[in-house]
Structures are given as C-alpha cells and as structure tokens.
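Chain by chain, the residues run as shown.
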Amino acid sequence: MNANSAPASPPAPALDLEPAARRVAGLLAAIDDDLLGGSTPCPDYAVRELLGHLAGLAAAFRDAARKDLGASTALSPDASLPVLGDDWREVLPRRLEEVAAAWRSPAAWTGLTRAGGVELPGEVAGAVALNELVVHGWDLARATGQPYEAGEAELRSCAALLAPAGDDTGGTGDTSNASGTGGTDSADSAGLFGPAVPVPDDAPLLDRVIGLSGRRPDWRPGS
C-alpha cells in the first residue's frame with residue numbers, strides 16, 4: 001500500500017478528560033468517613049452516593065470509549081441509588097485514570113457508542129463524560145468544603161452541552177438522558193440537567209456552567 005492509498009488516521013481528540021479526572025481524584029484524600037453522609041448539590045445524593053455515582057459513570061464512560069458495550073453502558077444511572085463500595089478509595093482513583101486514558105484514543109470519538117442505556121455518537125459521549133466529571137467534581141468539592149477550578153476549554157464544552165436546544169451558546173439538544181441527570185431531547189429543553197438557575201452574564205464561566213446545570217453557584221451544605 002502506498003502513502004496515497006493509506007487510510008487517514010482519526011483526528012486527535014478535541015477534548016482531554018485527564019485534567020477533570022485528576023481534579024476529582026485530588027479531592028478524595030480530604031474526604032473523611034464522617035463526611036460521607038453530608039448533603040451535596042444533587043438533592044437525591046449524599047456524599048457517599050455522589051462518590052458511588054462518580055465510580056459508576058467513570059466505568060460506564062470508560063467502556064463507552066472502548067466500545068465495550070456491556071452491563072456498565074446499558075444501565076441508566078437513574079435506575080437505583082448509587083451504592084459506594086468499601087474499597088472506593090482504591091477503585092475510584094483507578095477508574096478515573098481509566099476513563100481519562102480511554103478517551104485519549106482518537107477512535108473513542110468516532111462511530112456510535114452507548115452510555116446510560118442511550119446510543120449516541122462517540123463525540124457526544126465524550127463531551128457528556130467530560131461534563132459529568134466537571135460538574136460532579138464541583139458538586140463534590142462544594143459538598144466537602146474544597147476549592148474547585150476548571151479549564152476554559154472544559155467549561156466551554158460543558159456550556160455548549162448544557163445550553164437548551166436553540167440557545168445561542170451552542171447546546172446540542174440531542175444527548176437525551178445519557179448523563180443520567182434528567183435531560184431531555186425536546187426542542188424546548190430546559191437543559192441537560194434540568195431547569196437552569198439564572199446567573200449574571202458577567203459571572204465567571206464556571207458559575208455560568210453550574211447555573212446551566214440547574215445548581216446555584218453559591219450553594220453550601222445546609223443552604
């Protein structure tokens with residue numbers, strides 16, 4: 001085969017999940033057992049359920065990237081309350097490393113895959129995976145009293161994904177419930193996570209993303 005007939009290599013991934021995954025992993029050491037029952041910005045989750053959800057989504061989106069479409073990618077996260085395993089301090093960091101590594105493959109971003117029981121294009125699944133890590137990372141940091149920042153490219157991807165269909169911020173409107181957070185594919189979608197919380201246009205980009213996700217940027221435990 002000569003160079004002119006060689007198949008083109010898939011383009012390099014446009015998004016890198018590793019910073020978001022590392023950021024979540026960096027929060028874990030400060031989470032003592034007495035924090036596991038604390039509230040989070042996710043109304044149905046205490047800290048332990050949020051950690052369980054992160055472990056589950058990391059496995060699901062790792063397998064979605066690999067096109068390993070089995071039980072982990074078939075189950076909707078809404079099917080039951082996440083259960084945190086006793087070995088979470090070892091399992092969760094490893095899964096976060098694995099999901100970041102899986103989405104470094106250009107092939108992960110091509111073709112169709114499945115996550116949360118929903119079939120969707122690889123490029124959309126990757127964006128949803130990044131969004132899950134960024135937003136739930138913020139949830140975990142806020143719930144456990146830790147600082148949190150995210151990169152501009154990550155946040156712009158999240159803003160485009162979370163914006164309601166037809167919004168000029170670039171919402172896709174086609175990710176349905178892949179994130180397991182109550183999204184909709186209707187034309188008048190209120191956003192992937194639910195109704196957005198109004199945030200000033202001149203607020204920091206992170207605050208605007210958190211508002212689009214249906215959370216109050218000023219949320220604190222007990223608020």
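This section reports on the structure supplied with the text.

Criteria and cut-off values
Residues numbered from 1 in each chain as written. Predicted model: local features only at pLDDT ≥ 70, side-chain atom pairs only at ≥ 80, totals over all residues. Heavy atoms only, no water. Helix = DSSP H or I, 4+ residues; strand = E, 2+ residues; numbered from the N terminus. Buried < 20%, exposed > 50% of the residue type's maximum accessible area, 1.4 Å probe, protein only. Contact = heavy atoms within 4.5 Å. Axes fitted to C-alpha atoms, helices over the stretch in contact; angles between N-to-C directions. Parallel < 35°, antiparallel > 145°, perpendicular 65-115°, else oblique. Left-handed = near helix turned anticlockwise from the far one by under 90°. Nonpolar A, V, L, I, M, F, W, Y, C, P; charged D, E, K, R; others polar. Salt bridge = Lys/Arg side-chain N within 4 Å of Asp/Glu carboxyl O. Pairing = 2+ DSSP bridges.

### Here's the deal with the overall build of the chain
Moving on, step 1. Looking only at helices and strands, the chain features seven helices and two strands.
Moving on, step 2. Ordered by position from N to C terminus, the α and β elements of the chain give α-α-α-α-β-β-α-α-α.
Moving on, step 3. Residue burial in the chain is summarised as follows: out of 223 residues, 48% are buried.
Moving on, step 4. Considering only residue pairs separated by 6 or more positions, the chain has 68% of its internal contacts joining residues 24 or more positions apart.

### Observations concerning the packing of helix α2 (residues 47-66) against helix α4 (residues 88-102)
Packed helices, taken two at a time, are described by the angle their axes make and the gap between the axes.
Moving on, step 1. Contact pair α2 / α4: the axes reach a minimum separation of 8 Å and the direction vectors enclose 30°. Classified by the interaxial angle, the pair formed by α2 and α4 is roughly parallel. In this structure, the crossing between α2 and α4 has a hand that is left-handed. In this structure, α2 contributes Leu51, Leu54, Ala55, Gly56, Ala58, Ala59, Phe61, Arg62, Ala65 and Arg66 to the contact, and α4 contributes Trp88, Leu92, Arg95, Leu96, Glu98, Val99 and Ala102.
Moving on, step 2. Residue classes in the contact of α2 with α4 are distributed as twelve nonpolar, one polar and four charged.

### Observations concerning the pattern of salt bridges
Moving on, step 1. Under the definition given, this model contains nine salt bridges.
Moving on, step 2. Its salt-bridge partner being Glu154, residue Arg23 comes within 2.8 Å of it at the nearest N-O pair. Remark: Glu154 occurs in helix α6 (residues 152-162) and Arg23 occurs in helix α1 (residues 18-27); sequence separation between them is 131 residues.
Moving on, step 3. In this structure Arg23 comes out as buried when scored by relative accessible area, which is 19%.

### Digging into unusual backbone geometry
Moving on, step 1. One non-glycine residue with positive phi stands out, namely Lys67, at about 60°.
Moving on, step 2. For Lys67, the location among the structural elements is in the loop between α2 and α3 (71-74).
Moving on, step 3. Residue classification places Lys67 among the partly exposed positions, given a relative accessible area of 29%.

### A short note on the pairing of strand β1 (residues 112-115)
Moving on, step 1. Burial of the side chains of β1 is restricted to one face: Thr113 and Ala115 are buried, whereas none of Leu112 and Arg114 on the reverse face is.
Moving on, step 2. As paired elements, β1 and strand β2 (residues 118-121) share four bridges and run antiparallel to each other. Residue Thr113 lies in a different strand from β2, and its bridge partner there is Leu120.
Moving on, step 3. Adjacent in sequence and paired antiparallel, β1 and β2 are bridged by two residues, among which Gly116 carries a positive phi angle near 60°.

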